[in-house]
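Each chain, letter by letter, is given below.
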Amino acid sequence: MKNFFISCLRSAGQVFFQNSAWSGILLIAGIFWGSHQAGSTAPAWGALLALAVSTLTGRILHLPEDDGRQGLWGFNGILVGCAFPTFLDNSVWMWLALILCAALSTWVRTGLNNVMRTWRINSLTFPFVLTVWLFLLAAHSMHSLPSDSLPVPGEPAAFASAFDAGFMPLLRAWLCGISQVFLIDSPITGLIFIVALAVSSPRAAIWGAVGSAVALCMAILLRASASDITHGLYGFSPVLTAIALGAVFHRPSFGAAIWALLGCITTVFVQAAFDTALAPVGIPSLTAPFCIVTWLFLLPLVKFASDKAPDHSDWHRHGGRQGRHDRKER
Amino acid sequence: MKNFFISCLRSAGQVFFQNSAWSGILLIAGIFWGSHQAGSTAPAWGALLALAVSTLTGRILHLPEDDGRQGLWGFNGILVGCAFPTFLDNSVWMWLALILCAALSTWVRTGLNNVMRTWRINSLTFPFVLTVWLFLLAAHSMHSLPSDSLPVPGEPAAFASAFDAGFMPLLRAWLCGISQVFLIDSPITGLIFIVALAVSSPRAAIWGAVGSAVALCMAILLRASASDITHGLYGFSPVLTAIALGAVFHRPSFGAAIWALLGCITTVFVQAAFDTALAPVGIPSLTAPFCIVTWLFLLPLVKFASDKAPDHSDWHRHGGRQGRHDRKER
Amino acid sequence: MKNFFISCLRSAGQVFFQNSAWSGILLIAGIFWGSHQAGSTAPAWGALLALAVSTLTGRILHLPEDDGRQGLWGFNGILVGCAFPTFLDNSVWMWLALILCAALSTWVRTGLNNVMRTWRINSLTFPFVLTVWLFLLAAHSMHSLPSDSLPVPGEPAAFASAFDAGFMPLLRAWLCGISQVFLIDSPITGLIFIVALAVSSPRAAIWGAVGSAVALCMAILLRASASDITHGLYGFSPVLTAIALGAVFHRPSFGAAIWALLGCITTVFVQAAFDTALAPVGIPSLTAPFCIVTWLFLLPLVKFASDKAPDHSDWHRHGGRQGRHDRKER
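The rules behind these values
Residues numbered from 1 in each chain as written. Chains lettered and ligands numbered in written order. Predicted model: local features only at pLDDT ≥ 70, side-chain atom pairs only at ≥ 80, totals over all residues. Heavy atoms only, no water. Helix = DSSP H or I, 4+ residues; strand = E, 2+ residues; numbered from the N terminus. Rg over C-alpha atoms; globule rule 2.2 N^0.38 Å. Buried < 20%, exposed > 50% of the residue type's maximum accessible area, 1.4 Å probe, protein only. Contact = heavy atoms within 4.5 Å. Areas by Shrake-Rupley, 256 points an atom, 1.4 Å probe, with all protein chains shown as cover. Lys, Arg positive; Asp, Glu negative; His and termini not counted. Charge placed at Lys NZ, Arg CZ, Asp CG, Glu CD. Phe/Tyr/Trp six-rings, centres within 6.5 Å; stacked < 30°, edge-to-face > 60°. Axes fitted to C-alpha atoms, helices over the stretch in contact; angles between N-to-C directions. Parallel < 35°, antiparallel > 145°, perpendicular 65-115°, else oblique. Left-handed = near helix turned anticlockwise from the far one by under 90°. Least-squares fit on C-alpha atoms with pLDDT ≥ 70 in both. Core = buried A, V, L, I, M, F, W, Y, C linked by side-chain atoms within 4.5 Å. Buried area = accessible area lost by both parts, 1.4 Å probe. Salt bridge = Lys/Arg side-chain N within 4 Å of Asp/Glu carboxyl O. Polar contact = N/O pair within 3.5 Å; in protein donor to acceptor, adjacent residues only side chain to side chain. pLDDT = per-residue confidence, 0-100. Patch = residues over 30% accessible without salt bridge, like charges linked within 9 Å, V, L, I, M, F, W, Y side chains within 5 Å. Expected span 1.5 Å × (residues − 1). Nonpolar A, V, L, I, M, F, W, Y, C, P; charged D, E, K, R; others polar. Disulfide = S-S within 2.5 Å.

Draft legend 1. Focus on the overall build of chain A. Secondary structure summary: chain A contains 14 helices and zero strands in total. Reading chain A from its N terminus to its C terminus gives the helix and strand order α-α-α-α-α-α-α-α-α-α-α-α-α-α. Over its C-alpha atoms chain A spans a radius of gyration of 18 Å, differing by no more than 12% from the 20 Å that the globule rule assigns to 330 residues. Taking the principal axes of its C-alpha atoms as reference, chain A extends roughly 50 × 45 × 35 Å. Within the span of chain A, comprising 330 residues, buried residues form 66% of the whole. The contacts of chain A with a sequence gap of at least 6 include a subset with a gap of at least 24, amounting to 73%. For chain A, the computed accessible surface area is about 11,300 Å², with 67% contributed by carbon and sulfur atoms. The centroid of the 19 positive side-chain charges in chain A is displaced by 15 Å from the centroid of its 15 negative side-chain charges.

Draft legend 2. A look at unusual backbone geometry. The phi dihedral of R120 of chain A is positive, around 60°, even though this residue is not glycine. By the secondary structure assignment, R120 of chain A is in the loop between helix 6 (92-116) and helix 7 (126-141). Even without being a glycine, H62 of chain B presents a positive backbone phi close to 55°. Note on placement: H62 of chain B falls in the loop between helix 3 (42-60) and helix 4 (65-69).

Draft legend 3. How the structure looks around the packing of aromatic side chains. Summed over all chains, the structure comprises 60 aromatic pairs over all chains. Taking 5.7 Å as the distance between ring centres and 75° as the angle between the ring planes, the aromatic pair formed by F75 of chain C and W315 of chain C counts as edge-to-face. Taken together, the residues span a long stretch of sequence, with F75 of chain C in helix 5 (residues 75-87) and W315 of chain C in the segment after helix 14 (288-298) at a distance of 240 residues. Accessibility classification places F75 of chain C together with W315 of chain C in one group, the buried group. Put simply, the rings of F17, F75, F249, F290 and W315 of chain A touch in pairs and so form one group of aromatic residues.

Draft legend 4. Local environment of the packing of helix 6 (residues 92-116) of chain B against helix 7 (residues 126-141) of chain B. All names here are of chain B. Put simply, helix 6 and helix 7 touch, their axes get as near as 8 Å, and they point 140° apart. Looking at the two axes, helix 6 sits oblique to helix 7. Pair helix 6 / helix 7 crosses with right-handed handedness. Residues A97, L100, C101, L104, S105, V108, R109 and L112 of helix 6 form the contact with helix 7, whose own contacting residues are F126, P127, L130, T131, V132 and F135.

Draft legend 5. Fine view of the relation of the copies chain A and chain B. Between chain A and chain B, which share one sequence, the superposing operator has a rotation angle of 120° and an axial displacement of 0.0 Å; the RMSD is 0.0 Å. The two molecules are tied by a three-fold rotation axis, judged by turn and shift. Minimal C-alpha separation from the rotation axis in chain A is found for P280 of chain A, amounting to 3.7 Å.

Draft legend 6. How the structure looks around the nonpolar core. With 356 residues, the main nonpolar core has F182 of chain A, F182 of chain B together with F182 of chain C as its most contacted residues. With residues near it in sequence (within four places) discarded, F182 of chain A still touches A12, V15, F16, L27, I31, I78, L79, C82 and F193 of chain A.

Draft legend 7. Quick peek at the interface of chain A and chain C. Counting residues at the interface gives 30 residues for chain A and 29 residues for chain C. The contact between chain A and chain C buries some 2,700 Å² in all, and 77% of this surface belongs to carbon and sulfur atoms. Ranking the residues of chain A by area buried against chain C places W119, F269 and L296 of chain A at the top, with a combined share of 22%. Inspection of the region where chain A meets chain C yields zero salt bridges. On inspection of chain A and its partner chain C, the count reaches ten residue pairs in polar contact (both at pLDDT 80 or more).

Draft legend 8. Molecular detail of the confidence of the model for chain A. All names here are of chain A. Confidence in the prediction for chain A averages 92 pLDDT; 96% of positions are at 70 or higher. Averaged pLDDT values for the elements of chain A fall to 89 in helix 4 (residues 65-69) and rise to 98 in helix 14 (residues 288-298). With pLDDT under 50 throughout, residues 319-330 is counted as low confidence; its partners more than four residues away or in other chains account for 31 contacts. ipTM for the predicted complex: 0.94, alongside a pTM of 0.95.

Draft legend 9. Region of the structure containing the interface of chain A and chain B. Listed per partner, the contact involves 29 residues of chain A and 30 residues of chain B. Interface area for chain A against chain B, summed over the two sides, is near 2,700 Å², with a carbon-plus-sulfur share of 77%. The largest contributions to the chain A side of the interface with chain B come from W107, M142 and H143 of chain A, which together make up 22% of the buried area. Applying the counting criterion to the chain A and chain B interface returns zero salt bridges.

Draft legend 10. Region of interest: the pattern of salt bridges. Residue and element names in this part refer to chain B. Inspection of the entire model under this criterion finds nine salt bridges over all chains. Salt-bridge contacts for R69 lead to D66; the nearest nitrogen and oxygen are separated by 2.4 Å. With R69 and D66 both in helix 4 and three residues apart, the pair spans about one turn of that helix. Taking the relative accessible area as the measure of exposure, R69 reaches 42% and is therefore partly exposed. Using a relative accessible area of 10% as the deciding quantity, one classes D66 as buried. Between R172 and D185 there is a salt bridge, and its shortest N-O distance comes to 3.4 Å. Linking R172 in helix 8 (residues 167-179) with D185 in the loop between helix 8 and helix 9 (187-200), this pair joins segments that are 13 residues apart in sequence.

Draft legend 11. Expanded view of a nonpolar patch on the surface. Residue and element names in this part refer to chain A. A cluster of nonpolar side chains, W22, I25, V195 and V199, forms an exposed patch at the surface whose accessible area comes to about 410 Å². Put simply, the parts of the chain that give the nonpolar patch at least two residues each are helix 2 (21-37) and helix 9 (187-200). Note on placement: W22 falls in helix 2.

Draft legend 12. Molecular detail of helix 8 (residues 167-179) of chain C. For helix 8 of chain C, with 13 residues, the first-to-last C-alpha span of 18 Å sits near the 18 Å given by 1.5 Å per residue. Turning to helix 8 of chain C, its buried residues number three or more, namely A173, L175, C176, G177, I178 and S179 of chain C.

Draft legend 13. How the structure looks around the environment of K2 of chain C. Checked against the element boundaries, K2 of chain C lands in helix 1 (residues 2-14). Residue K2 of chain C is classed as exposed on the basis of its relative accessible area of 63%.

Draft legend 14. Inspection of the packing of helix 8 of chain C against helix 10 (residues 202-221) of chain C at higher detail. All names here are of chain C. Between helix 8 and helix 10, the least distance of the axes is 9 Å, while the angle of their chain directions is 125°. With respect to each other, helix 8 and helix 10 are oriented oblique. For the pair helix 8 and helix 10, the crossing hand works out as right-handed. Contact residues: L170, A173, W174, G177 and I178 in helix 8; G208, A209, S212, A213, L216 and I220 in helix 10. Looking at the contact of helix 8 with helix 10 residue by residue, the class counts come to eight nonpolar, three polar and no charged.

Draft legend 15. Structural context of the state of the cysteines. All names here are of chain B. The tally for this structure, following the rule as stated, stands at zero disulfides over all chains. There is no disulfide at C217, and the cysteine sulfur nearest it, in C264, is 9.8 Å away. Between C291, a free cysteine, and C101, which holds the nearest cysteine sulfur, the sulfur-to-sulfur gap is 14 Å. Among the residues examined, C291 registers a relative accessible area of 0% and is labelled buried.

Given below as structure tokens:
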């Protein structure tokens, strides 16, 4: 039972690649704070429920225990749990669909990892993206899953107005870029998330903060939609790309730092690309831009100064405390 | 010559994973009945033509003989042959395109199986889906291929009215869910198909019937489009998922039965998702929801009670009468 | 330094699978002529800049030297360089994005080749297609990258009028089908390109010319959009498919010739399909139809009369002068 709780908490941390229950507690606290501020704690309760469901699913299907211990069964699930109440109206069907989708995300991860291990990469948060996309698309066709918070399918929005770059709006957008990783729109939550990262890995915290700042600059310079910038929607994918490339899959070096910055900048373009590409079907990009850019930067297996032989199929190979548990997944 | 005919008949059966010429005869009879009732036997003649073309293609290209004997060259082709006259107007160009597409489906299957064997899964009916999608999309841009029966590209349809669940409408929708596997909208054909399945595998027949019933319940409860439900359009993909997971790729066990039901329910959501996702480009989902869900449920290589070591690249491994011919393709 | 120039020139030739600096010089001359005629040499300068950037990127990242020598670092880059000024307005941001995208195309190619080598195929020009798609989609969401030359996202265009098939329009459309490989709309450039091909491989030149002619006939017979036909937009992908299947990946034989013609005809349908499929998001198909059809025809590893054991992961295996350098890429 205690193992189960620790596994769930670590799952929250693994969204940011951190195998740490303390990070997880802080992240969940941040989710509660942010969703409370926004007027409904449903996303936070959804996160807890989905965390439990997806972690239990791993146990029931006898997926490799090591993954469970490191919180790898539930990190897609917690994102599923945040996403459903954010985009779908509160109803019995929404909660039942959330449970199915959270369970699904666990074995879809095992399946996609089986596929991607062929090229020594990891499915990252794509199981979350894929399964939630399918359910949100379905909600547009199913009257029992009202989707008033989803974008209306149609042509991409025209340019409205430029971002008004004062100090407070910039600070807000920068912190929300971090809080939006868990679909929370709150600067305070962004601060809590930076602390949660620093508890486990100061390097990851710095790269996360840098990633959000770089993305913010790029989005303003390229004059993306002001409202998207304000709510941090140009930040959360670059934040994850920056942490992945800067603090997880490569050891620190000058080359790796440039690589991470390039990845971060590329993610801003890919975020804008998904905003256009998904407009006709009325779904959000979720963390797809992060996944795609990180794959494009990991697949060539470029090796920097102090890197070991490149293998990006499991981030625990990269010297974390749990490094000894690696590569036992089927 | 006799071999050629048996190979063609088995191909019809293989759409439902049945290596049986008797099933094939009954299925083709059902197609003729249903298309005759609907006012045009063009889909039935298209099915026969495409069956011949795709099976010949396998022979001409010297693809592995074992596949041909088991009817694996033509099962995508027969679906191509049903789909073209259903969605495109009768014209010389339609029939020439049908011939090209049927031939294409044979070697696209070989190619996709070469890809998917890497992860021990099979391309299922996806060669049919991919090639027909390409030609139907093309029909929207080519004036010699009039496409009045295709959906008009545009925004997803709004919710019109709820399904009126009397006994006869339910019975009709349940049986049409089965007949629509071959794009036929006829309850009698649905009955013939159940018999065709029972001739070769009672277990498959039961799972097909259960799959259509479960999908019908889910689509009504989730309030999908009433007209789609009436015509069985929420049924045919879950029927195939139920047969694949319940009667083909796993041996009977309690766990495998739950797994098949979960797959069946998930397919209903994915069907609704594709209805939204394909609206802007004006093409039908075909059996894509079945393929995607079945892959997502097979890729993790979950093993139930009495299963052998999981390998889902070829359903003839799974103890059919032709089990000894397996894995000789390429 | 001399090596660097030769590498760049060969890169231009490699767009047509030719490892020849002389071809490259003629192709670049054709690009300058065509873009000068069209009123702006920006695409030609873009091509040169992108060629330098992508080739330098290969060197900086220490990608395999053999690839660089054969011009395989830069052939996606030169296409990126032609595409950006063609579809995006002249601005500082366009040029900076061009540089990032050209660099990206080099390592995306390495990554995609790592993936596709699993099934003995090559990524062809898909790194160009993928990276440019992402940036063009992004341009619709970013006000600093005005995209007045891009299609407006919306429903596929209705049929306007039939192609008027006189001798001069036919000649123009045939030659533009070849010049459009580098996104140039000029019959003279088409002629220069045929010469450029003949300098290195007369067989490739003949297949290129035949491919454009076959595509032209098919597009007229199937009554595709007249303006697309006039500007050669139905030609450039079939031209590349014809060269790939007819003159690169198979040795000459009757079977291989039929195979190449089938591929060429299929590409016309797939081009029409992409015109429909991409309309809602407002981007051009680029050479995606060529890539997809060529993969579908190479993946089954069909072997004709005089072919060696099929391996399509690198066209230099196929007896070119550089054949001895093959398969050293990681």
